[in-house]
Amino acid sequence: MPAPAPEIRVLPAAEAAVPTLLDELRRVVAANERPLVSFATGGTFTGMFTALARELRDGGIGRDFVATHLDEYVDFPPARAGGMVHELVTGCPPLGDMLAAGAFVPVPHVDDAAALAAHAQKLRELGGVKLQLLGIGRNGHIAFNEPGTAFDTGFHVATLAEATRQDARARFLPGEPPRRAVTSGIATILAADRLVLCAFGAAKADAVRGMLQGEVATGCPASALRRHGNLLVLLDREAARGFDAAADQASAAP
Ligand code: GLP
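For the structure given in this document, a descriptive report is provided here.

Conventions and cut-offs
Residues numbered from 1 in each chain as written. Predicted model: local features only at pLDDT ≥ 70, side-chain atom pairs only at ≥ 80, totals over all residues. Heavy atoms only, no water. Pairing = 2+ DSSP bridges. Helix = DSSP H or I, 4+ residues; strand = E, 2+ residues; numbered from the N terminus. Axes fitted to C-alpha atoms, helices over the stretch in contact; angles between N-to-C directions. Disulfide = S-S within 2.5 Å. Buried < 20%, exposed > 50% of the residue type's maximum accessible area, 1.4 Å probe, protein only. Contact = heavy atoms within 4.5 Å. Polar contact = N/O pair within 3.5 Å; in protein donor to acceptor, adjacent residues only side chain to side chain. Phe/Tyr/Trp six-rings, centres within 6.5 Å; stacked < 30°, edge-to-face > 60°.

**As for the sheet that holds strand E4 (residues 71–73)**
Across the sheet, which stays open at both edges, the three strands sit in the order E4-E7-E6 with antiparallel pairing between neighbours. Whereas interior strands pair on both sides, the edge strands pair on one side only; in this sheet they are E4 and strand E6 (156–159). Shown here is a sheet whose adjacent strand axes are inclined to one another by a mean of 30°, direction ignored. As judged from the four bridges shared by E6 and strand E7 (residues 180–183), these two strands associate in the antiparallel manner. The partner of Val157 across the bridge, within E7, is Val182.

Following this line, the structure appears as structure tokens:
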């Protein structure tokens, strides 16, 4: 049986996604005892983290959840600028408090199979990811699962595509962007109960079309998400440009 098709909402602008994302978080925290919530990084989520910091400070969203995230550059411990944990705790300081209190489980920054297996085990012990937020790379990557990555992968060390390194260049200037990262695998992502993917801006339009209406195949890692069955996709008009809503019937997974 095909998985239920993703729910797709086209928003007037990226900012309009923030209340929806906060509501998703509120709902998962209300419905579960200390759920594990996995965040994504990147410019797509900057506005959400600013709003989330406010909510966590004033109690609009309680801190009775455990945080984690998708991926980390190899050799980027939490305090190192440019890294994903550094980005998260800078963009949302209450996540820094949660990290200090052990309520934020960072992705290991080492190329060490035992450390990655222990991390995956820890996520399972915490009940598995209840809500996973996702961005998308303009080449269709999710987390750092680049085109060609098998759909059955767990946490692993990925070599970054050149386009991905170019997109990350600004955050590492005057140095070079890293070449390798530890990433959640596609199977890890598909194991979450609920997925919410955001894509904003014209640069994402081709990847969005590939994800929603291309072949479900490793050439577009995000196409794997159509096998999930509980996926919400939030787009702005530019990112939705290549997406043909009339042909959406074709978007269910084979
Ligand atoms: C990186 C991250 C992805 C993220 C992507 C898009 O490659 N590993 O998880 O989705 O960037 O980033 P942005 O939101 O800045 O476009």
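**A closer look at the state of the cysteines**
As used here, a disulfide is simply a covalent bond connecting the sulfur atoms of two cysteines. The full count for this structure, using the stated rule, is zero disulfides. With no disulfide of its own, Cys198 has Cys92 as its nearest cysteine by sulfur position, at a separation of 15 Å. On the basis of relative accessibility, which here comes to 0%, the residue Cys198 falls in the buried class.

**Looking at the environment of Glu72**
Its location among the elements puts Glu72 in strand E4. Note on Glu72: relative accessible area 0%, which makes it buried. Sequence-wise, Glu72 and Pro106 are 34 residues apart; in three dimensions their C-alpha atoms are separated by 8.4 Å. Sequence-distant contacts of Glu72, defined by excluding residues within four places in its chain, comprise Gly83, Met84, Val85, Val107, Pro108, His109, Ala181 and Val182. At 2.8 Å, the side chain of Glu72 forms a polar contact with the backbone nitrogen of Met84.

**Some words on the packing of aromatic side chains**
Inspection of every chain in the model, using the stated rule, returns six aromatic pairs. Between Tyr73 and Phe172, the ring centres sit 5.2 Å apart and the planes meet at 85°, which makes this aromatic pair edge-to-face. Separated by 99 residues along the polypeptide, Tyr73 in strand E4 and Phe172 in helix H6 (residues 162–172) bring together distant segments of the chain. In terms of burial, Tyr73 and Phe172 fall into one category: buried. By the ring-pair criterion, three or more aromatic residues cluster together here, those being Tyr73, Phe76, Phe144 and Phe172.

**Focus: the sheet that holds strand E8 (residues 194–199)**
By definition, the strands of a sheet pair up through backbone hydrogen bonds, in either a parallel or an antiparallel sense. The six strands lie next to each other as E1-E9-E8-E5-E2-E3, forming an open sheet whose pairing is parallel. Each having just a single partner strand, strand E1 (7–11) and strand E3 (66–69) make up the two edges of the open sheet. Between one strand axis and the next, the sheet turns by 15° as a mean value, whatever way the strands run. Where strand E2 (residues 36–39) meets strand E5 (residues 129–134), three bridges bridge the pair, whose relative direction is parallel. Residue pairing in the sheet places Val37 in a bridge with Leu131 of E5.

**Points about the environment of Leu56**
Checked against the element boundaries, Leu56 lands in helix H2 (residues 46–58). Residue Leu56 is classed as buried on the basis of its relative accessible area, which comes to 4%.

**A few points about unusual backbone geometry**
Look at the link from Leu173 to Pro174: it is a cis peptide, with omega at 5°. Here Pro174 is to be found in the loop between H6 and E7. One non-glycine residue, Asp75, adopts positive backbone phi at about 75°. You can call Asp75 partly exposed: its relative accessible area is 49%.

Treat this as a map of the structure, not an account of what it does.
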